[in-house]
Amino acid sequence: MFYKDVSVWIAFLHGILSFFSPCVLPLIPAFLGVLFTAKNKFLKLFGFFIGFSIFFSIIGIFSSVFGIFFSKYGTVINYILGTIIIVMGILYMSNKEIVKPKKINVWNFKGGSLLTGILMGAAIGLIWIPCSSPILGSILTIATTVNPYKGGFLLFVYSLGISLPFLTIGTPISKLLTGGFGTPKWEKILKIFGGAFLIILGILIISGKMVV
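Residues numbered from 1 in each chain as written. Predicted model: local features only at pLDDT ≥ 70, side-chain atom pairs only at ≥ 80, totals over all residues. Heavy atoms only, no water.

Each helix and strand counted, the protein has nine helices and zero strands in total. Going residue by residue from the N terminus, the α and β elements of the protein occur as α-α-α-α-α-α-α-α-α. Counting only residues that meet the buried cut, the protein has 46% of its 212 residues in that class. In the protein, of all internal contacts separated by at least 6 residues, the share reaching a separation of at least 24 is 87%. For the protein, the accessible area works out to roughly 10900 Å², and carbon and sulfur atoms hold 73% of it. (Helix = DSSP H or I, 4+ residues; strand = E, 2+ residues; numbered from the N terminus. Buried < 20%, exposed > 50% of the residue type's maximum accessible area, 1.4 Å probe, protein only. Contact = heavy atoms within 4.5 Å. Areas by Shrake-Rupley, 256 points an atom, 1.4 Å probe, with all protein chains shown as cover.)

Here the focus is a nonpolar patch on the surface. A surface patch of nonpolar side chains, amounting to about 380 Å² of accessible area, comprises F42, L43, F46 and L114. The biggest single contributor to the nonpolar patch is helix α3 (residues 41-68), with three residues. Assignment of secondary structure puts L43 in helix α3. (Patch = residues over 30% accessible without salt bridge, like charges linked within 9 Å, V, L, I, M, F, W, Y side chains within 5 Å. Salt bridge = Lys/Arg side-chain N within 4 Å of Asp/Glu carboxyl O.)

Let us look at the side chain of T141. Among the structural elements, T141 can be located in helix α6 (residues 133-143). The class of T141 is buried, set by a relative accessible area of 8%. Each residue touching T141, except ones within four places of it in the same chain, is listed here: L81, I84 and I85.

All right, on to the environment of A196 then. Note that A196 resides in helix α9 (residues 185-207). Between the C-alpha atom of A196 and that of G89, which follows or precedes it by 107 residues, the distance is 6.5 Å.

With 44 residues, the main nonpolar core has F56, I124, W128, L155, Y158 and F166 as its most contacted residues. Only α1 (6-19), α2 (28-36), α3, α4 (75-93), α5 (114-131), α6, α7 (148-168) and α9 provide two or more residues apiece to this core. In this structure I124 touches F31, F48, F52 and F166, once residues within four positions along its chain are discounted. (Core = buried A, V, L, I, M, F, W, Y, C linked by side-chain atoms within 4.5 Å.)

Attention now moves to the packing of α3 against α7. At a minimum axis distance of 7 Å, the contact between α3 and α7 shows a crossing angle of 145°. Taken as a pair, α3 and α7 cross one another with a handedness that is right-handed. Contact with α3, carried on its side by L45, F48, F49, F52, S53, F56, S57, G60, I61, S64, V65 and I68, involves P148, G151, G152, L155, F156, Y158, S159, L160, I162, S163, F166 and L167 of α7 and no other residues of that element. For the contact of α3 with α7, the residue count by class is 16 nonpolar, eight polar and no charged. (Axes fitted to C-alpha atoms, helices over the stretch in contact; angles between N-to-C directions. Left-handed = near helix turned anticlockwise from the far one by under 90°. Nonpolar A, V, L, I, M, F, W, Y, C, P; charged D, E, K, R; others polar.)

Turning next to the confidence of the model for the protein. Interpretation of this model should avoid reading the predicted coordinates in detail wherever pLDDT is low. Confidence in the prediction of the protein, expressed as mean pLDDT, is 78, and 80% of residues score 70 or more. Across the protein, the element-wise mean pLDDT spans from 71 in helix α8 (residues 170-177) up to 89 in α7. (pLDDT = per-residue confidence, 0-100.)

What follows deals with the side chain of S159. Within the fold, S159 resides in helix α7. When near neighbours in sequence (up to four residues on either side) are disregarded, S159 contacts F52, S53 and F56.

Dropping the structure here:
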């Protein structure tokens, strides 16, 4: 069963780590304000989830299709993929972003339609790419090792790891963790934990002790 698949839980944990991206957390109350003040809240929330999930699932499918071309190289690929994930872990610890954050005006999505929700979900997905680029880069690297169906599913699970806390405890968590000035202690701890998680994951893949 899928719940016994280690890669599924790894994808979900990647999503949880991405939820705590420092450049997105302060914006969550505004995002949720736009979502929950719509006249048709359920329709817009449903659209948001569809847009957000489809956005990342498509990225996962493309990563898997790309990986198929290199699958014949076997163990060599494990060394390459493991090394990439280790590098992503170091970048995450160092608070480095692979791409620059996008600026999107959340108030452009004030409407309450399904389409508006879908567009907002995709837009927030775009914001999350640079904010959590090392984490996303790691799960995309894993997606290159599986078939396109599973690659899409893994990135769908990744989006669940972001959207579930986003839609449930997003506002109180963001207000709690973004208060005060400077770099909060929790952020430094998260960077260490998340980076160590990726580095260990990369080492396990290189050593052949973890197959995803």
